[in-house]
Amino acid sequence: MNLTVNGRTHDVESGPLATLLDVLREELGVTSPKAGCEQGGCGACTVIVDGEPQRACLTPVGALDGASVTTVEGLGAPESLSPLQQAFTHHYAAQCGFCTSGMMIAADAYLKRGGTDDREAIQEALAGHVCRCTGYVKIIDAVAAVARGDSFDLTVTAASAGMTNLGGDV
Amino acid sequence: MTQATEVLFPTSADEAVAQFGDGSGVTVVGGGTIVMPEITYGRLAPTKALVLSRAGLDTLDVSGATVTLGAGLPVARLAELAQDVKALAQCALNVADYEIRLQATVGGNLCAGEGQDAPRGDLQGPLLALDAQARSVGADGASTEPLEEFLGRRAGRLLLDVTFEKPAASAFAAIDYAHTHEYTVLAVSGVRTASGETRLAATGLAGFGTRLRSAEAAASDPERAGAAAVADVSLGDDALASAWYRERTLPVLVRRVLGELEESA
């Protein structure tokens, strides 16, 4: 069977019941999807399969013969980050980073289906994604900023740009 | 383990039935949301896996007042029934999260065994209240029977589809946590038919979903119906809630559903 990952087609040698997550990470070396809970609950392994977000840990790879998979590496490149990647950088929306690729994939799918900057709608769209650093506010800030069409200055973070002197030497 | 497993990808419902055979030793994989973690964690080592993703069972047919849901229909697509069968669409939206609803299937939701730590089978509630008919195959051949009977003997059978009539009104109420990835603690679904019959069912119980027949008999008096519902169910303690808590919240949900049905009438 073959699988196209971020535009590049691969022959897959793993057995058909191997998870897409294992194939991506162990066979193809695409490591942005994280092996978190491996039972669908944390969202860290989420990738886009033929246009829809899916949990790679729940997907038997044999069901995907000929499918197209996009991981966070496929959203942009280091020299040309996608607006969502720029927003996560500018809004400091990653702490440890473990949930970030799953969050970005879910947010990308949300925005592509016409998602707005409504914070409740963003929360609902990201409801299957757990951030153990509890950095949800900045993640939602970042997604809302892209939905609004903001542009981002990557030389500063939103926090530093908005920092005010609270009366002491800071 | 994976190399020794015979994995089949039927490309039609007929082929799925043929490959399922008498069901002996067959592990059915619908959306994978329940089976795949069992395999990953070594709790299940299938000798023969029947993966239904290409079997053409992902159908949603509405023909006049009759609705048929293929067993492979993603749970997310039940949102399309929001106008006609509100309880089913609401219940579906209450299942897990956006991505899981895209992957999980109606058949998997109905057929999965009882969960060890939390109740499963949310869709059993509205489909029991809708008095759905389940079409399946197994060792004794093909059968179409009330979902309630099917659920009692679903192990070893391959569900093909469920069919029901659109109700005049329906309602859904659930107790669940404000949490990112939630399981339903307890839920009640209700249906009012065109002839005025009221049917109620609950999920989040010990075992699978249950019709609340004592409550149905008292449906004209929501207070009495709520109290009567407790006699219809078997409640358990699990990671989400105690039987004590469920016993006290079940009457509340029954009253809410009956109240909403009354408003819809």
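Remember, predicted model here, so these are calculated numbers, not experimental data.

Rules behind the numbers
Once a new chain begins, its residue numbering starts again from 1 and follows that chain's sequence as written. Each chain is given a letter, starting from A, and each ligand a number, starting from 1, according to the order in which they appear as written. In view of the model being predicted, local features appear only for residues whose pLDDT reaches at least 70, and side-chain atom pairs are presented and counted only at 80 or more, with totals across whole chains, interfaces and linings using the full set of residues. Side-chain numbers come from the whole structure's heavy atoms, not from hydrogens or water. Note on contacts: a residue pair qualifies if any of its non-hydrogen atoms lie within 4.5 Å across the two residues. Here the buried area means the combined drop in accessible surface, using a 1.4 Å probe, for two parts upon being joined, counting both sides. Salt bridges, as used here, are contacts in which a Lys or Arg side-chain nitrogen is within 4 Å of a carboxyl oxygen on Asp or Glu. Segment limits for the domains were obtained from an automatic or database-derived domain assignment. N or O atoms within 3.5 Å of each other form a polar contact, as long as, within protein, one can give a hydrogen and the other can take it, and as long as residues adjacent in sequence are counted only when both atoms are side-chain atoms. Helical segments are the DSSP runs of H or I of at least four residues, strand segments are the runs of E of at least two, and each set is numbered from the N terminus. Polarity classes work like this: nonpolar for Ala, Val, Leu, Ile, Met, Phe, Trp, Tyr, Cys and Pro, charged for Asp, Glu, Lys and Arg, and polar for all others, with Gly in that last group. Two strands qualify as a pair provided DSSP detects at least 2 bridges between them. Geometry is summarised by axes, namely lines fitted to C-alpha atoms with helices restricted to the contacting stretch, and by angles between N-to-C directions that run from 0 to 180 degrees. Throughout this description, the term nonpolar core refers to a set of buried Ala, Val, Leu, Ile, Met, Phe, Trp, Tyr and Cys residues connected via side-chain atoms within 4.5 Å. Only protein chains enter the accessibility calculation, which uses a 1.4 Å probe. A residue is then buried if its area is under 20% of the maximum for its type, exposed if over 50%, and partly exposed in between.

Q: Let's hear about the interface of chain B and chain A: which residues, and what values?
A: On the chain A side, the residues contacting the 28 residues of chain B number 31 residues. Summed over both sides, the interface between chain B and chain A buries roughly 2300 Å², with carbon and sulfur atoms accounting for 60% of that surface. Between chain B and chain A we count three salt bridges in total. Residue Glu 124 of chain A pairs with Arg 101 of chain B through a salt bridge whose shortest N-O separation is 3.6 Å.

Q: Before we move on, could you go through the domain arrangement of chain A and cite the residues and values that matter?
A: Residue and element names in this part refer to chain A. Assigned domains of chain A: these are domain 1 (2-74) and domain 2 (83-148). Taking the mean C-alpha position of each, domain 1 and domain 2 sit 21 Å from one another. Summed over both partners, the interface of domain 1 with domain 2 buries about 1000 Å², with 65% contributed by carbon and sulfur atoms. When the buried area of domain 1 at its contact with domain 2 is split by residue, Lys 34, Ile 48 and Val 72 rank highest and sum to 40% of it. Put simply, domain 1 and domain 2 have zero salt bridges between them. Our count for the contact surface shared by domain 1 and domain 2 stands at six residue pairs in polar contact (both at pLDDT 80 or more). Elements supplying a minimum of two residues to the side of domain 1 that touches domain 2: strand S3 (46-49) and strand S4 (52-55). The element best represented in the side of domain 1 that touches domain 2 is S3, accounting for three residues. Tallied by class, the residues present in the side of domain 1 that touches domain 2 amount to eight nonpolar, seven polar and two charged.

Q: Run through the domain arrangement of chain B, naming residues and quoting values.
A: Each assigned domain of chain B is listed with its residue range as follows: domain 1 (1-52) and domain 2 (169-263). The centre of domain 1 of chain B, based on its C-alpha atoms, is set 34 Å off from the matching centre of domain 2 of chain B.

Q: Account for the sheet that holds strand S2 (residues 8-11) of chain A, naming residues and giving values.
A: Residue and element names in this part refer to chain A. Taken together, five strands build an open sheet; the order of strands is S2-S1-S5-S3-S4 and the sheet is mixed. Two strands close off the open sheet at either side, each with one partner strand: S2 and S4. Each strand axis lies, on average, 35° off the axis of its neighbour in the sheet, ignoring direction. The pairing of strand S1 (residues 2-5) with S2 spans four bridges and is classified as antiparallel. When the sheet's bridge partners are listed, Thr 4 is paired in S2 with Thr 9.

Q: Could you give an account of the sheet that holds strand S10 (residues 184-192) of chain B, naming the residues involved and the relevant values?
A: Strands in a sheet are paired, the pairing made by backbone hydrogen bonds, and the direction either parallel or antiparallel. Residues and elements named next belong to chain B. Spatial ordering of the open sheet is given by S9-S10-S11-S12, a layout of four strands whose pairing is antiparallel. Whereas interior strands pair on both sides, the edge strands pair on one side only; in this sheet they are strand S9 (169-176) and strand S12 (210-211). Contacts from helix H3 (residues 86-93) reach S9 and S10, with the element oriented near 25° to S9. Most of the contacts of helix H10 (residues 243-264) go to S10, to which it runs at about 30°, and overall it touches S9, S10 and strand S11 (198-203).

Q: Lay out the nonpolar core with the relevant residues and their values.
A: Counting residues in each nonpolar core, the largest one holds 56 residues, and the members touching the most others are Leu 3 and Leu 20 of chain A together with Leu 69, Leu 123, Leu 127 and Phe 164 of chain B. When near neighbours in sequence (up to four residues on either side) are disregarded, Leu 123 of chain B contacts Val 75, Leu 78, Leu 88, Cys 91, Ala 92, Val 106, Asn 109 and Leu 110 of chain B. Ile 48, Ala 87, Met 104 and Val 146 of chain A belong to the second-largest nonpolar core, a separate cluster that totals 27 residues.

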